Amino acid sequence: MAYDRNLSILIHRVRKSCENEEEQGMNTNETKLEFRGGIFFSLIPVLIYVFFCVVLFIGFKAFNMEALAVGGFLALLVGGIFCTSYSAFWDSAIRGISSITSVSVVVILLLVGMFSQLIKTCGLSGGFVWLANRMGIQGGAFVAFTFLATCIVSTATGSSIGTMFIAFPIFYPAGLILGANEMLMAGCIVSGAIFGDNLAPISDTTIASASTQQFRDGRPADVGGVVTSRFKYSAVAALISIVVFLAFGGMGGAYEGGMIEAAANPMSLVMLIPVAVMLCVSTVTRNIFAGILVGLSFGTAVGLATGLFGFEAVFANDAANSAAVGFLIDGVNNILPTCALVISVFGIMGVLNDAGMLNLIADRILSSRTAQTDRGAELICMAGIAVTTILLGGVTSASILTFGPILNKIGAAKNIHPYRRANLLDGTANSLPAIIPFMSVFVFIGAALTGLSPVVVAGGTIYGFALFFVFLAAVITGWGRRKEE
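Residues numbered from 1 in each chain as written. Predicted model: local features only at pLDDT ≥ 70, side-chain atom pairs only at ≥ 80, totals over all residues. Heavy atoms only, no water.

**Structural notes on helix 16 (residues 357-367)**
For helix 16, the full list of buried residues reads M357, L358, A362 and I365. In an axial view of helix 16, the angular spread of the buried residues amounts to 135°, which keeps them on one side of the axis. Facing away from the buried side of helix 16, by more than 90 degrees, are the exposed residues R364 and S367. Each element contacted by the buried residues of helix 16 is listed here: helix 15 (327-355), helix 17 (374-391) and helix 18 (396-413). (Buried < 20%, exposed > 50% of the residue type's maximum accessible area, 1.4 Å probe, protein only. Helix = DSSP H or I, 4+ residues; strand = E, 2+ residues; numbered from the N terminus. Arc of directions from axis to C-beta. Contact = heavy atoms within 4.5 Å.)

Quick look at the structure:
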């Protein structure tokens, strides 16, 4: 009797649970975000944002993260008009912004900003110029050397845009004096900046690509594991680039001799030690927070001990302006526009998710004939990432955040490992689609800082071409593809 009574109670609980799940499912369908004109009108915020990017890059020929964030928030404000409920639209946007992925990315970026500013304060680029002088490098060898130096700087700072503004004024004029080809000289700097954007564990695109790809239990892919598995692709593309820069970097250049005028401080090279420590800790522990803590603490101690900066450069009071100053403050201030962009994009993703558009796109891709194999699914995803990156003007962080949720659903359905998905997402975005002339922030900045045509700058960005074909070959051959156990 006791057994029968317990069994009856268990059956009752199961039935009650099923009824609750059915009610929740009905409520979910009833509260599904609806748009006037159908589900495809949920894409209007995306179209508005793309239009804003085109106007900003092609019309105004300007770029800054603040403007991109403004475009994202305006897209939300206007896009909500086409929803049947403006309040429900913003509820969905807030849900996207407050997701664990969004919050994680923003927090990591704020911490990364402090370490990035520490490295910039030390003037690492000047140390590399001093080293090139001492070694007597010129022509194609200097182009290859600049590419390697820029790779290190971008990996250390995690900022591709910041690296270009640091490296171009120092390396580009020096390269022309030392007989480098102007196209490849400009291209090697953009290539090095993209290398760090693609591989650095503190890069916004690395963080975004890892955070948007989840394991079966809902955990986002860890940055350390993603970087470890990504290294082979980046290394092969970098090796191809070095060979090209060495072989052709001196064509058409004229060696003028003399010393290079640049802020060259050899002592700044010592900051490579805390960078290496940060990378090792992040990779070994697979915890980006531990890496930043160790790197920031050790880097500050090294900078103070070597006299690269004083205590006032770390954190100080500016009594004249009633403000706190230092690289810790500057690091957070400089990364805030990127955080604002991330928030706006996640708001748009929240709307698309609640409207069912992300699931619709993923289902259409999965049901296509090409996607029936892992190779076909990855090829379609590469095409989707490429188109998204081009439409968003080469702003790789925005394109990764936009297409990432779609790739996550497709990859999970095909049982492709989150590391592989994150690498495919970041590698494709930071390759050929990111250097399309007249639709690339990287190319625009390179052209603005050198006076060269965008076509010339894009043509010299060898790493972008190499990385694209490396991933294309990896998809076709299956190199590096793994399943989630």
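Don't stop here, the text continues.
**Some words on the packing of aromatic side chains**
The full count for this structure, using the stated rule, is 14 aromatic pairs. Seen from their ring centres, F41 and F82 are 6.4 Å apart, and the 45° between their planes marks the pair as tilted. With F41 in the loop between helix 1 (2-30) and helix 2 (44-59) and F82 in the loop between helix 3 (65-79) and helix 4 (86-97), the pair connects residues that are 41 residues apart, well separated along the chain. Residue F41 is classed as partly exposed on the basis of its relative accessible area, which comes to 33%. Judged by relative accessible area, which is 30%, F82 ranks as partly exposed. Judged by centre distance (6.3 Å) and plane angle (55°), the ring pair of F168 and Y172 falls under tilted. You can see F168 and its partner Y172 sitting in helix 8 (residues 160-177), four residues apart, about one turn around the helix. Neither residue differs from the other here; F168 and Y172 are each classed as buried. In this structure an aromatic cluster arises from ring pairing among F35, Y86, F89 and W90. (Phe/Tyr/Trp six-rings, centres within 6.5 Å; stacked < 30°, edge-to-face > 60°.)

**Quick notes on a nonpolar patch on the surface**
On the surface, a nonpolar cluster with roughly 660 Å² of combined accessible area is contributed by F41, V70, L74, L77, V78, I81, F82 and Y86. Counting residues per element, the nonpolar patch draws most heavily on helix 3, which supplies four residues. In this fold, V70 is placed in helix 3. (Patch = residues over 30% accessible without salt bridge, like charges linked within 9 Å, V, L, I, M, F, W, Y side chains within 5 Å. Areas by Shrake-Rupley, 256 points an atom, 1.4 Å probe, with all protein chains shown as cover. Salt bridge = Lys/Arg side-chain N within 4 Å of Asp/Glu carboxyl O.)

**Side note on the side chain of T150**
Looking at the element boundaries, T150 is found in helix 7 (residues 139-157). Exposure remark for T150: the relative accessible area of 0% places this residue in the buried category. Among all residues touching T150, those that are not within four sequence positions of it are T163, A167, I189, G192 and A193.

**Considerations on the confidence of the model for the chain**
When pLDDT is low, close inspection of the predicted coordinates is not appropriate. Chain-level pLDDT for the chain is 83 on average; 91% of the residues reach the 70-or-more range. Element-level pLDDT for the chain is lowest in helix 1, with a mean of 41, against a maximum mean of 95 in helix 22 (residues 462-477). (pLDDT = per-residue confidence, 0-100.)

**Concerning the packing of helix 12 (residues 272-285) against helix 13 (residues 288-306)**
As a packed pair, helix 12 and helix 13 sit with axes 8 Å apart at the nearest point and diverge in direction by 160°. What the angle tells us is that helix 12 and helix 13 run roughly antiparallel. Note on packing geometry: the crossing formed by helix 12 with helix 13 is right-handed. Residues I273, P274, V277, M278, V281, S282 and T285 of helix 12 pack against I288, A290, G291, I292, V294, G295, F298 and G299 of helix 13. (Axes fitted to C-alpha atoms, helices over the stretch in contact; angles between N-to-C directions. Parallel < 35°, antiparallel > 145°, perpendicular 65-115°, else oblique. Left-handed = near helix turned anticlockwise from the far one by under 90°.)

**Structural notes on the pattern of salt bridges**
For the structure on display, the rule yields seven salt bridges. Here E378 and R420 are joined by a salt bridge, their closest N and O atoms 2.9 Å apart. Here E378 is found in helix 17, whereas its partner R420 is found in helix 19 (residues 418-429), with 42 residues between them in sequence. We classify R420 as buried; its relative accessible area is 4%. Take E378: its relative accessible area is 2%, and that puts it in the buried class.

**Looking at the environment of I202**
Within the secondary structure, I202 is located in the loop between helix 9 (182-199) and helix 10 (204-211). Judged by its relative accessible area of 1%, I202 is buried. As for I202 and L131, which are separated by 71 residues in sequence, their C-alpha atoms are 26 Å apart. If sequence neighbours within four positions are ignored, I202 has contacts with V112, F115, T155, A156, T157, G158, I207, M278, I288 and I292.

**What about the environment of A141?**
The topology assignment puts A141 in helix 7. For A141, a relative accessible area of 34% corresponds to the partly exposed category. Spatially, the C-alpha atom of A141 lies 31 Å from that of V395, the residues being 254 residues apart in sequence.

**Things to note about helix 3**
Here helix 3 contains 15 residues, and its C-alpha end-to-end distance of 21 Å stays within 8% of the 21 Å for a straight helix at 1.5 Å per residue. All of the buried residues in helix 3 are M65, A67, L68, A69, G71, G72, A75, L76 and G79. On the buried face of helix 3, the contacting elements are helix 2, helix 4, helix 15 and helix 18. (Expected span 1.5 Å × (residues − 1).)

**Notes on the packing of helix 15 against helix 18**
Packing of helix 15 against helix 18 brings their axes to within 9 Å, and their N-to-C directions diverge by 30°. Note on packing geometry: the crossing formed by helix 15 with helix 18 is right-handed. Counted together, L341, V342, V345, F346, M349 and N353 of helix 15 and S397, A398, L401, T402, P405 and K409 of helix 18 form the full contact between these two elements.

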